[in-house]
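Structural description and commentary
Residues per chain are reported as follows:
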Amino acid sequence: MIALKISLLIAAALLALTTAAGAAERPPLIPVEDFFRLPDKARFTISPDGLHYAWMAPWKGRMNVYVASVDALSTGKGTRVTSATERDIAGYGWVSNDRLVYMQDKGGDENHHIYSVARDGSDVRDMTPFDGVKSGIVDQLEEDDEHILIEMNKRDRRVFDVYRLNVLTGSLELIAENPGTIVGWGTDHDGKLRLATEYVGTTTRLLYRDTEDSPWKTLFETDFRDSVSPQVFTADNKRLYVISDIGRDKGALFEYDPATGEQKLIYENDEAGVGGVIWSDLRKKLLGATYYTDKLHRVYFDKEAEAFYNKLQAQFPDLRVGVSDMSKDEKRMFVSVGSDRVPGRLYYYDKDQPDTFAQVTDFYPWLKEEYLAEMKPISYAARDGLTIHGYLTLPVGVEAKNLPAIVVVHGGPESRDTWGYDTEAQLLANRGLAVLQVNYRVSTGYGKAFWEAGFKQWGLKQQDDITDGVAWLIAQGVADPKRIAIYGGSYGGYATLMGLIKTPELYACGVDYVGVSNIFTLFQSIPEYWKPLLEQMYETIGHPEKDKAQFEATSPALHADKIKAPLFIAQGANDPRVVKAQSDAMVEAMRRRGVKVQYMVKDNEGHGFHNEENRFDFYRAMDAFLTEHLGLGRDGE
């Protein structure tokens, strides 16, 4: 009865989609560049005292950091404090009211350096000037204007130690040496390093210490299939809020006392696991929690916080709202809004002026909401009865019947697609394609059983879930069975190749973007700092020796002779995750048997194309490829 009800609801939703799409006017063909141009401005933050703000904007084709006084917010002008010309700034943040730090890699190698710069753009320093070393920020130490905590694999490329870094002098103090098994670190509200996550084979341990001078002790020891994820300390730094799925399918929020081992249930949800918590640094109080079903949801434990969120939602009733950053006193803030058809807008809000929301920027003002397509949550039953969720984006102004279609497969694979503005989906829908995104088994957010159902299922049941999604789309009458493509990046690229091999009759063409072609060599070429994860990868993906026959059957490069449809492959030369040899092997195998394959390599990119001109090249080529092989075009759809 439940399954029948779900099917009826889906059918009704599709009927509504068909009616709405058919009634709307067909939008103009939007240039590829308009979808993948750098935003006018993005990533706004506010200084701790709320008097200055920073943002990122293009300069010489790269995203750089700018700073200005909040008093000059209406002018939109500021001082550029970084000068990146080869690579976008990867991220940045305030250390104090007068100083910022930012991160940058070289050519997509993901070995990020941490830089320090004064608010006026002077005194730029590379804080981690070490070749081949990857750095990251552990804690920006809110109460310390001179130091931050960072992690680096300088001593041993396989693991990350923690250092206290002086952002004024560059001095480094080692405060925690990784024994070789720690994969994550955590601090308390005073910036003291008191938590660590340890992987030993397939065992996960959550380690804790009372002070930085105390010995580590194990709070939880579980099989990696179970998870205990610390979120934040209580205000007194004595207890922890954790999300745990021990003994349950979906993670719930608990308050845990390390001294006694007692835990108190704070919040659980039958539909989905708790995703995170909402915490006030000012009030030192847990305000609420989040969870994700088809869309993001919030639940509040604090009436004041709930009232404020409701005020924001009432101000922007048809949009998803959130606070992207705020001053230390939590009065001045940036409020971001968006939806599936609104890429994003930003407003400045001051609690001392409670009725004023000043628009700061529209991230992509050249993209018109009325020209963009709705993303609708969908679900269907896989061949073994498992319910698979996903999203369907249909072209505007076209009847949702017998359309050319494309299934876009997310990477990971242990991640998921979510609801909201999706640049690729909008480009493809604008070309007249029905766009299907599938959260196949092993995707996160649907509980432990759903995740484990995808273990050792690369090219097998995970691929069947994707195939069943396409079959569902055809059965609904939405997709033209002769004009369907498959596309994805990373694991999605692997699924593209396997789709063309396993179900060659289903797809008219495929696009593989930095995808795995050989599972054997994937294990041989992973970054050194992935080595602590190997035993878990053997459980989730498989073992090259124990599962040799399966790997041979599900490694696309070993079955290139089965591909009949046109194929386009794109690869970054410096990719540290899926190395170029993966794509080279696939291309060589295709060409060896005389099959033409379109191949694009970018020498200054890694796992995905980040430089604007490279994105333009890739998506223009992809657009032309799909147009040719799916018979697109305003006269040929």
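What counts as what
Per chain, residue numbering runs from 1 following the sequence as it is written. In keeping with the model being predicted, local features are shown solely for residues with a pLDDT of at least 70 and side-chain atom pairs are shown and tallied solely at 80 or more, while totals for entire chains, interfaces and linings include all residues. Note: side-chain values were computed over all heavy atoms of the structure, leaving out hydrogens and water. Strands here mean DSSP runs of E at least two residues long; helices mean DSSP runs of H or I at least four residues long; both are numbered from the N terminus. Note that the radius of gyration is over C-alpha atoms, with the globule rule given as 2.2 Å times the number of residues to the power 0.38. The classification of residues rests on relative accessible area computed with a 1.4 Å probe and restricted to protein chains. Under 20% of the type maximum is buried, over 50% is exposed, and intermediate values are partly exposed. It only takes one pair of heavy atoms within 4.5 Å for two residues to be counted as in contact. Calculation of accessible area relied on Shrake-Rupley with a 1.4 Å probe; when residues are assessed, cover is drawn exclusively from the protein chains displayed. The convention is simple: Lys and Arg are positive, Asp and Glu are negative, and His and the chain ends are not counted. Here the site of a charge means atom NZ of a Lys, CZ of an Arg, CG of an Asp or CD of a Glu. Polar contacts, as counted here, are pairs of nitrogen or oxygen atoms within 3.5 Å of one another; within protein the pair requires one atom able to donate a hydrogen and one able to accept it, and residues that are adjacent in sequence qualify only if both atoms are side-chain atoms. Two strands are counted as paired when DSSP detects at least two bridges linking them. Axes, fitted as lines to C-alpha atoms, cover a helix only where it is in contact. Angles between the N-to-C directions of the axes lie from 0 to 180 degrees. UniProt positions are given in the numbering used here, feature names are shortened, and annotations may be inferred rather than shown by experiment.

Glancing now at the overall build of the protein chain. Of regular secondary structure, the protein chain possesses 12 helices and 35 strands. Scaling as 2.2 N^0.38, a compact globule of 637 residues should have a C-alpha radius of gyration of about 26 Å, and the protein chain matches this with 25 Å. Reported as C-alpha extents along the three principal axes, the dimensions of the protein chain are approximately 65 × 60 × 55 Å. Going through the 637 residues of the protein chain one by one, you find that 56% of them count as buried. Counting contacts in the protein chain only where the partners sit at least 6 residues apart, residues at least 24 apart contribute 54% of the total. When the accessible surface of the protein chain is totalled, it reaches about 26700 Å², and 48% of it is carbon and sulfur. Each charge class in the protein chain was averaged separately, 73 positive and 94 negative side chains, and the resulting centres sit 2 Å apart.

Our focus in this paragraph is the environment of Ser 47. Within the secondary structure, Ser 47 sits in the loop between strand S1 (42–46) and strand S2 (52–59). The class for Ser 47 is buried, based on a relative accessible area of 0%. Sequence separation of Ser 47 and Glu 369 is 322 residues, and the distance between their C-alpha atoms is 32 Å. Residues contacting Ser 47, with those up to four places away along its chain left out, are His 52, Trp 94, Asn 97 and Ser 327. Of note is the side chain of Ser 47, whose polar atom sits 3.4 Å from the backbone nitrogen of Leu 51.

Spatially, S28-S29-S31-S30-S32-S33-S34-S35 is the arrangement adopted by the eight strands of the open sheet, whose pairing is mixed. In this open sheet, the two strands that pair with only one neighbour each are strand S28 (375–381) and strand S35 (598–602). The mean inter-strand angle of the sheet, taken between neighbouring strand axes irrespective of direction, is 20°. As paired elements, strand S30 (residues 403–409) and strand S32 (residues 479–489) share six bridges and run parallel to each other. Of the residues in S32, the one forming a bridge with Val 407 is Ile 486. Strand contacts of helix H6 (residues 461–475): S28, strand S29 (387–393), S30, strand S31 (434–439) and S32, with the helix running at about 145° to S32, the strand carrying the most contacts. Across the sheet, helix H7 (residues 491–502) touches S30, S32, strand S33 (509–513) and strand S34 (567–572), and the angle it forms with S32 is around 145°.

In the numbering adopted here, UniProt assigns the feature "domain: Peptidase S9 prolyl oligopeptidase catalytic" (unreviewed entry) to residues 419–631. Across residues 419–631 one finds 43% helix and 15% strand; the C-alpha atoms that close the span lie 29 Å apart.

Looking now at the sheet that holds strand S15 (residues 203–208). Strand order in the open sheet formed by four strands is S13-S14-S15-S16, and the pairing between neighbours is antiparallel. What marks the edges here is a single partner per strand, and that holds for strand S13 (182–187) and strand S16 (217–223). Across the sheet, the mean angle from the axis of one strand to that of its neighbour is 15°, orientation sign disregarded. Bridge count between S15 and S16: six bridges; the pairing is antiparallel. Note that in S16 the partner of Thr 204 across the bridge is Thr 222.

We now examine the side chain of Ser 555. Relative to the elements of secondary structure, Ser 555 occurs in the loop between helix H10 (548–554) and S34. A residue is classified by how much of its surface remains accessible, and Ser 555, at 0% relative accessible area, is buried. One polar contact links the side chain of Ser 555 to the main-chain carbonyl oxygen of Phe 551, over a distance of 2.8 Å. Residues within four places of Ser 555 in sequence aside, it is in contact with Ser 517, Asn 518, Ile 519 and Phe 520.

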